[in-house]
Structure formats: C-alpha cells, structure tokens
Amino acid sequence: MPSPRTVTIVSGVASMVKYNNKVLSPFYSSLDHKVVARDVKFPLPLLFSCHLHHHLDDEIIKLASASEVVHCQSSGFFRVLHVMDSLGWLQPGSPKKLVLESPVLKSHTGTLLAAMNRVKHYADADQSPFINYSLDTLCFTPEWKAETLEVLKRGLDAGTVLSVGSQEDGVSDIEGLEDDYFSAVYEKGKHARLWRDNDTGLLEDFIQRP
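Here is a short report on the structure shown in this document.

Reading guide: rules and limits
- Residues numbered from 1 in each chain as written.
- Predicted model: local features only at pLDDT ≥ 70, side-chain atom pairs only at ≥ 80, totals over all residues.
- Heavy atoms only, no water.
- Phe/Tyr/Trp six-rings, centres within 6.5 Å; stacked < 30°, edge-to-face > 60°.
- Buried < 20%, exposed > 50% of the residue type's maximum accessible area, 1.4 Å probe, protein only.
- Helix = DSSP H or I, 4+ residues; strand = E, 2+ residues; numbered from the N terminus.
- Lys NZ or Arg CZ within 6 Å of the ring centre and 35° of its normal.
- Patch = residues over 30% accessible without salt bridge, like charges linked within 9 Å, V, L, I, M, F, W, Y side chains within 5 Å.
- Areas by Shrake-Rupley, 256 points an atom, 1.4 Å probe, with all protein chains shown as cover.
- Salt bridge = Lys/Arg side-chain N within 4 Å of Asp/Glu carboxyl O.
- Lys, Arg positive; Asp, Glu negative; His and termini not counted.
- Charge placed at Lys NZ, Arg CZ, Asp CG, Glu CD.
- Contact = heavy atoms within 4.5 Å.
- Polar contact = N/O pair within 3.5 Å; in protein donor to acceptor, adjacent residues only side chain to side chain.
- 1 Å grid on protein atoms, 1.4 Å probe; cavity = no way out; pocket = protein on both sides within 12 Å on 5 of 7 lines; lining within 4 Å.
- Points joined across faces, edges and corners; volume = space filled by probe spheres on them.
- Nonpolar A, V, L, I, M, F, W, Y, C, P; charged D, E, K, R; others polar.
- Pairing = 2+ DSSP bridges.
- Axes fitted to C-alpha atoms, helices over the stretch in contact; angles between N-to-C directions.

### Regarding the packing of aromatic side chains
What the rule picks out here adds up to 7 aromatic pairs. Between the aromatic rings of phenylalanine 27 and tyrosine 28, the centroid separation amounts to 5.5 Å while the plane-to-plane angle is 65°, which identifies the pairing as edge-to-face. Owing to a relative accessible area of 0%, tyrosine 28 belongs among the buried residues under this scheme. Each ring, one from phenylalanine 48 and one from phenylalanine 78, has its centre 5.8 Å from the other, and the planes form 80°; the classification is edge-to-face. On the criterion of sequence distance, the pair formed by phenylalanine 48 in the loop between helix H2 (44-47) and helix H3 (57-65) and phenylalanine 78 in the loop between strand S3 (69-73) and helix H4 (80-86) is long-range, its members being 30 residues apart. The exposure class of phenylalanine 48 is partly exposed, given its relative accessible area of 24%. Its relative accessible area of 3% is what places phenylalanine 78 among the buried residues. Members of the aromatic cluster, each reached through a chain of ring pairs, are Phe48, Phe77, Phe78, Phe140 and Trp144. The positively charged end of lysine 96 is found above the aromatic ring belonging to tryptophan 89, 4.9 Å away from the centroid. Directly above the ring of phenylalanine 206 sits lysine 97, whose terminal nitrogen or CZ lies 5.0 Å from the centroid.

Written out as structure tokens, the structure reads:
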C-alpha cells in the first residue's frame, strides 16, 4: 500500500489552530494525506518586506522538500510561491502542489486594516496615501507584486497551483484579478476559512489530480 502524501500548512498573520485542527487536517486525512506540519508561521518582519524575503529561503526549502502539498493561508505564500517556482516545483508534471487559501494578491490600506481586523472588509477603509506609499516601497514594491502575479499565473497554467477565495472574503482584494489568478470558490467563506461548512470539491479535485 503506497504511503500517504504529506502536507504542510503555512499560516499567515492570524493563527488558524482550531480551523486547521478541526477542518483542514481531517479533510486531508480523508484523502489519505498526512499533515506533517501545521500552523507554520514565518517572522512577520521578514514576511512583510519583500526586501527581506530571501532570509526565509532555507526554511521554505526544508518544509517544501518534506511535503508533496504545501497549503498556504492568507499572506503565508509570499515567499513560498517564488521559492517553489525557482526550484522548478511548480512546472507541469511536478509532484508538488501549492494551495493558496485566500491569498492577499494586492496590498493597500484596506487589505492592511482588514488583515488587522480593524475593518470588516477592505472596501470599508479609506485609502491612506502614507500607508499606500509605505506598502509600495518598504513592504511590497510594484515590481514584486507584478513578479508575484507572473509566477502565480505560470503555476496556475501548469496545474500545480490552486488559488481560491470567496465573495465574502473581506481581506483578499482580488478585484480585477478573478479571471486570471483566482478561482471563486463559493459565495460564502471568510478569509482563510473557506472550507468551513462548505463543499470541498474544488480542493479535492486539485489534490487528487495526477
């Protein structure tokens, strides 16, 4: 009998311990996948500055090497996507799979405040020129965002990346990116909690795809 495929779950800013224990881990187990690490979190100063992302490379290579599936929630994918792509793990036919659950594909005042639970939805926040400038220079430069979307599109086209969210997702600002970068997965489902009380068919099909 073949060994179960292994899964690593990478969290973003918020801790998702209960959700990962009660929803994601049992789901992967039902598909004969073994979660070898959950609630992996990267240091926020490194995660939230593209200028410092390279300091995460050794840890990402280690965790991705140990798993066939890497499941990233929210901002957890920021460097994981680039590292897996650079190693050829997102090319067609690769045994690796990368799941992006509610990925933050844009960054501005609204997504920042929503991620901090200061507003319910990114659209509810007034844009701050100072915050936006800081995000575009110190945190996520326009060049980094453009490269991220390019890498993401390659992975989606190769069938090795699944990027999903919902209409109720108040943090992931994906307006204008839906068709090329995002699979709308149900009308309901909050940020990084898309499969709570929802059908898991889209994820199941992706995971079981050869």
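The discussion continues.
### Some words on a negative patch on the surface
Judged by side-chain charge, Glu175, Glu178, Asp179 and Asp180 come together as a negatively charged surface patch. Here aspartate 179 is to be found in helix H8 (residues 178-181). Residue classification places aspartate 179 among the exposed positions, given a relative accessible area of 79%.

### Quick word on the environment of phenylalanine 206
Structurally, phenylalanine 206 can be placed in helix H9 (residues 201-208). Taking the C-alpha atoms as reference points, phenylalanine 206 and leucine 98, separated by 108 residues in sequence, lie 9.8 Å from one another. Beyond its immediate stretch of four places on either side in the chain, phenylalanine 206 contacts Lys97, Leu98, Val99, Gly159, Thr160, Val161 and Leu162.

### So, the side chain of glutamine 73
Checked against the element boundaries, glutamine 73 lands in strand S3. Exposure remark for glutamine 73: the relative accessible area of 0% places this residue in the buried category. Polar contacts involving the side chain of glutamine 73 include one to the side chain of glutamate 101, which spans 3.5 Å. Those residues in contact with glutamine 73 that sit more than four places away from it in its chain are Ile9, Val10, Ser11, Gly12, Met16, Tyr19, Asn20, Leu24, Glu101 and Ala192.

### Remarks on the layout of surface pockets
Here the largest pocket is characterised by a volume of approximately 760 Å³. Taken together, 38 residues form the lining of the largest pocket, with Thr111, Ala114, Ala115, Val171 and His191 sitting closest to its centre. Those elements that place two or more of their residues in the lining of the largest pocket are helix H5 (109-115), helix H6 (129-139) and helix H7 (142-158). Tallied by class, the residues present in the lining of the largest pocket amount to 21 nonpolar, 11 polar and 6 charged. Reported here for the second largest pocket is a volume of approximately 170 Å³. Forming the boundary of the second largest pocket are His121, Tyr122, Gly165, Ser166, Gln167, Asp169, Ser172, Ile174, Glu175, Glu178, Phe182 and Ala184. Counted by class, the lining of the second largest pocket contains 4 nonpolar, 5 polar and 3 charged residues.

### A look at the environment of aspartate 205
Its place among the elements puts aspartate 205 in helix H9. A C-alpha to C-alpha distance of 16 Å links aspartate 205 and valine 7, two positions 198 residues apart in sequence.

### Considering the sheet that holds S3
A sheet is described by the order of its strands in space; here 6 strands give the open sequence S2-S1-S3-S4-S5-S6, paired in parallel fashion. In the strand order of this sheet, the two ends are held by strand S2 (33-40) and strand S6 (183-184), each with one partner. Summarising the sheet, strand S5 (residues 161-165) and S6 pair through 2 bridges and their orientation is parallel. Bridging across to S6, valine 164 finds its partner in serine 183. Along the sheet face, helix H1 (residues 17-30) touches strand S1 (5-10), S2, S3 and strand S4 (97-101) and points at about 160° away from the line of S2. The sheet strands contacting H7 are S4 and S5, and the helix crosses S5 at an angle near 110°.

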